[in-house]
Amino acid sequence: GAGVSQTPSNKVTEKGKYVELRCDPISGHTALYWYRQSLGQGPEFLIYFQGTGAADDSGLPNDRFFAVRPEGSVSTLKIQRTERGDSAVYLCASSFGEDQPQHFGDGTRLSIL
Amino acid sequence: QKEVEQNSGPLSVPEGAIASLNCTYSDRGSQSFFWYRQYSGKSPELIMSIYSNGDKEDGRFTAQLNKASQYVSLLIRDSQPSDSATYLCAVRYSSASKIIFGSGTRLSIRP
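Quick summary incoming for the structure in this document. Treat the numbers as computed from the prediction; the structure is a model and nothing was measured. (Residues numbered from 1 in each chain as written. Chains lettered and ligands numbered in written order. Predicted model: local features only at pLDDT ≥ 70, side-chain atom pairs only at ≥ 80, totals over all residues. Heavy atoms only, no water.)

1. Side note on the sheet that holds strand β3 (residues 19–24) of chain A
Residue and element names in this part refer to chain A. If you walk across this open sheet you meet the 4 strands as β1-β3-β8-β7, and the pairing is antiparallel. Looking along the sheet, the strands with just one partner apiece sit at the ends: β1 (5–7) and β7 (65–68). Recorded for the sheet is a direction-independent mean angle of 15° between the axes of neighbouring strands. Pairing of β3 with strand β8 (residues 75–79) involves 5 bridges; the strand directions are antiparallel. Within the sheet, the bridge partner assigned to L21 lies in β8 and is L77. (Pairing = 2+ DSSP bridges. Helix = DSSP H or I, 4+ residues; strand = E, 2+ residues; numbered from the N terminus. Axes fitted to C-alpha atoms, helices over the stretch in contact; angles between N-to-C directions.)

This is the structure:
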């Protein structure tokens, strides 16, 4: 596709459930980033991939959060045992290289009831 | 202390005037600086990047960087109502590191 695609656009689930958020980057972009944005705040870095490997996962808040990018393209952010505090917009961005501008998807709005 | 600081606003500017948005950062070794625009309910959109001290102009936008003062700003000339949005300042320490965002400044252009 022409831009970064994120699915689902909205996800509502109950506390304690497992969720998976998907990001399909721009074709040819080797770097992929996950952010979390709460209302009134800027995006908060979670993890970024260069190719298949996680180059920096220092932003993942705890071991309930995990992300993969097995073939160096699509990435999945996985959240186990969701908590109400996980509610936020999860943004994915990709770039042609690590030092190139990042292009954001429309985000997944996650609501934990 | 937050790594990237912005005044949350709202900053109200009359149409046609210059809007000035400011940002300070704490890591003196930071190398790359970005301004993103975010409309309500939408994702951030890159509008300017700057890497060297001084000014960089692109259309109605000018980014200014002063590494000695750890300060980066964005000027918007001839402000239009469509410029009303939240402007996010973002900083990267090195080419292979994460980008840190500020909380954003909400800009409102009044007709």
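2. A few points about the state of the cysteines
In this structure the tally under the stated criterion is 2 disulfides over all chains. A sulfur-sulfur distance of 1.9 Å marks the disulfide that ties C23 of chain A to C92 of chain A. Taking the sign of the torsion about the S-S bond as the criterion, the disulfide between C23 of chain A and C92 of chain A, at about -70°, is left-handed. Of this pair, C23 of chain A sits in strand β3 while C92 of chain A is found in strand β9 (residues 88–95), placing the two residues 69 residues apart along the sequence. The buried category is assigned to C92 of chain A, whose relative accessible area is 0%. Residue pairing for C23 of chain B: its cysteine sulfur links by disulfide to C89 of chain B, the two sulfurs lying 2.1 Å apart. Around the S-S axis, the bridge from C23 of chain B to C89 of chain B shows a dihedral of about -75° and counts as left-handed. A residue pair is termed long-range when its members are at least 10 positions apart, and C23 of chain B in strand β3 (residues 19–25) and C89 of chain B in strand β9 (residues 85–92) qualify at 66 residues. (Disulfide = S-S within 2.5 Å. Buried < 20%, exposed > 50% of the residue type's maximum accessible area, 1.4 Å probe, protein only.)

3. Digging into the pairing of strand β4 (residues 31–37) of chain A
All names here are of chain A. The element β4 is extensively covered by neighbouring structure, given that 7 of its 7 residues are classed as buried. Side chains A31, Y33, Y35 and Q37 project from β4 onto one buried face, and the interleaved L32, W34 and R36 project onto a second face that is buried too. In this sheet, strand β5 (residues 44–50) lies alongside β4 in antiparallel orientation, the contact comprising 6 bridges. Paired with W34 across the strands is I47, a residue of β5. Hairpin connection, β4 to β5: the antiparallel pair is bridged by 6 residues, and G40 has positive phi, about 80°. Two strands pair when backbone bridges link them, and β4 and β9 are joined in this way by 7 bridges, in the antiparallel orientation. Within the sheet, the bridge partner assigned to R36 lies in β9 and is Y90.

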